[in-house]
Amino acid sequence: MKQAIVIASFGAMGDDSRERCLDALEADFRAEFPEAVIVQAFTSTFIRAALEKRGLHRDSLEEALLRLSEEDVTHVLVQPTYMTPGEEYEKKVLDVVPAYTSRYEKLTVGEPAFFEEADYMRNLVALCRSIFVPRDAELVLLGHGSPHRHNPVYERLQAEIDAQQLPIHVGVLESTDTPDFKMVLERLQKKQVREVLLAPLLLTSGMHVARDMAGEGEASWKARLEKAGFSVTPILEGLGESPLFRQIYIEKARKALRTECPRDASAYRES
């Protein structure tokens, strides 16, 4: 048996974020699974093309699965690094994998960070240990959200946060999804806080963090919160810079490797 693990991520354009988050995660996987071949795949066509222009090649998931099958790999785990089982997970992983199952004895798909009920409390602990929130401040976590359909993961995470009475508020950057800026603003105003920490609920930092979350333009969350009277301190690092949060994906991989793989990838789809 020759085992490989494909770490499938959206990708990252910036060298620093890619090295500190995705390459660091790859190093963690190499240390945890020394007998396995560890490779990365970027599911964003835009990011792969932009990196290619700079002379940096990154495999798509299709390219990685094809190449590994030609290298006599028999067992493959595709471990996504997405936060939720959303559109990217479905279209760029679940829709891709079935075409390659016949090339391997076993082809397994791991879960995103927030997938089952137990993930919310466990991942919330990792979040709280990764981001220091000063006394009298509130933390706003910004996920991506979806432009096409609502993703209930963010609301479920907020419910767990509220049950634990933590000073954390979850929002999404996509203006057509919720919890949106207005909802988060109302929560902050209700608590009458003035100090806000603004951090990405994203594995890597990039354009969304630099522009949409913390940019100086009037449309950024930082600018809009400041206009509403809050003192805002942005955190620009992706969660992948936290070894504790990276461990979530190690645990997901361990779980997937213990589980017999269904041949139909639709078995992984969000119910």
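These remarks concern the structure in this document.

Here is what the cut-offs are and how they apply
All residue numbers refer to position in the chain's written sequence, counted from 1. Per-residue local features are limited, in this predicted model, to residues with pLDDT of at least 70; the limit for side-chain atom pairs, both in listing and counting, is 80 or more; totals at the level of whole chains, interfaces and linings are taken over all residues. Side-chain calculation: all heavy atoms of the structure are included, whereas hydrogens and water are not. Three exposure classes are used, based on accessible area relative to the maximum for each residue type with a 1.4 Å probe and protein chains only: buried under 20%, partly exposed in between, and exposed over 50%. Runs of E in the DSSP output that reach at least two residues are strands. Runs of H or I that reach at least four are helices, and both are numbered from the N terminus. The directions considered for the arc run from the helix axis to the C-beta atoms. The convention used is that axes are lines fitted to C-alpha atoms, helices contributing only their stretch in contact, and that angles between N-to-C directions extend from 0 to 180 degrees. Geometric relationships in this document are graded by angle, where less than 35 degrees denotes roughly parallel, more than 145 denotes roughly antiparallel, 65 to 115 denotes roughly perpendicular, and other angles denote oblique. Left-handed describes a crossing whose near helix is turned anticlockwise from the far helix through less than a right angle; right-handed describes the clockwise counterpart. Contacts between residues were defined by any pair of non-hydrogen atoms, one from each residue, lying within 4.5 Å. Lys, Arg, Asp and Glu make up the charged group, whereas Ala, Val, Leu, Ile, Met, Phe, Trp, Tyr, Cys and Pro make up the nonpolar group; the residues left over, Gly among them, are polar.

1. A closer look at helix 4 (residues 87-94)
Here is step 1: Three or more residues of helix 4 are buried, namely Tyr89, Glu90, Val93 and Leu94. For helix 4, the arc enclosing every buried residue in end-on projection is 110°, short of the 170-degree limit, so these residues lie on one face.

2. Structural notes on the packing of helix 5 (residues 117-130) against helix 6 (residues 153-163)
Here is step 1: At a closest axis distance of 10 Å, the pairing of helix 5 and helix 6 adopts a crossing angle of 60°. By the criterion of interaxial angle, the relationship of helix 5 to helix 6 is oblique. In terms of crossing hand, the pair formed by helix 5 and helix 6 is right-handed. In this structure, helix 5 uses Glu117, Tyr120, Met121 and Leu124 to contact helix 6, whose residues at the interface are Val153, Arg156, Leu157, Glu160 and Ile161.
Here is step 2: A per-class count over the contact of helix 5 with helix 6 returns six nonpolar, no polar and three charged.

3. Points about unusual backbone geometry
Here is step 1: In the segment running from Thr178 into Pro179, the intervening peptide bond is cis, with an omega of 5°.
Here is step 2: Mapping Pro179 onto the fold places it in the loop between strand 6 (168-172) and helix 7 (181-191).
Here is step 3: Despite not being glycine, Asp136 shows a phi value in the positive range, around 75°.
Here is step 4: Of note, Asp136 is situated in the loop between helix 5 and strand 5 (137-143).
Here is step 5: Positioned with a positive phi, Gln165 is a non-glycine residue whose angle comes to about 55°.

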